[in-house]
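# Structure at a glance
The lines below spell out each chain.
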Amino acid sequence: MSLSEAFLWPGTKVCERMGVNPEGEAGLLRWLVNTLVYLVVCLTVVWIVMV
């Protein structure tokens with residue numbers, strides 16, 4: 001598994017669970033899921049560091 005595949009893993013798993021191809025027509029869905037996952041992770045880290 002390459003580094004880019006590791007970063008895209010959450011969105012890929014959601015697309016596979018929904019039964020769509022994450023490399024094809026669901027690329028935008030994979031991007032959206034990854035954005036939301038990493039937004040929550042980053043905001044949690046910032047909140048812990050700042051408080």
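The structure reproduced in this document is the subject of the present report. No experiment lies behind these values; they were computed from the predicted model shown. (Residues numbered from 1 in each chain as written. Predicted model: local features only at pLDDT ≥ 70, side-chain atom pairs only at ≥ 80, totals over all residues. Heavy atoms only, no water.)

### What about the pattern of salt bridges?
Going through the model one piece at a time under the given rule, you end up with two salt bridges. One salt bridge connects Lys-13 with Glu-16, and the closest N-O pair in it is separated by 3.3 Å. Taken as a pair, Lys-13 and Glu-16 lie in helix 2 (residues 9-18) at a separation of three residues, close to a single helical turn. For Lys-13, a relative accessible area of 39% gives the class partly exposed. Residue Glu-16 is classed as partly exposed on the basis of its relative accessible area, which comes to 45%. Between Arg-30 and Glu-23 there is a salt bridge, with the nearest N and O atoms lying 3.2 Å from each other. In this structure Arg-30 comes out as buried when scored by relative accessible area, which is 13%. (Salt bridge = Lys/Arg side-chain N within 4 Å of Asp/Glu carboxyl O. Helix = DSSP H or I, 4+ residues; strand = E, 2+ residues; numbered from the N terminus. Buried < 20%, exposed > 50% of the residue type's maximum accessible area, 1.4 Å probe, protein only.)

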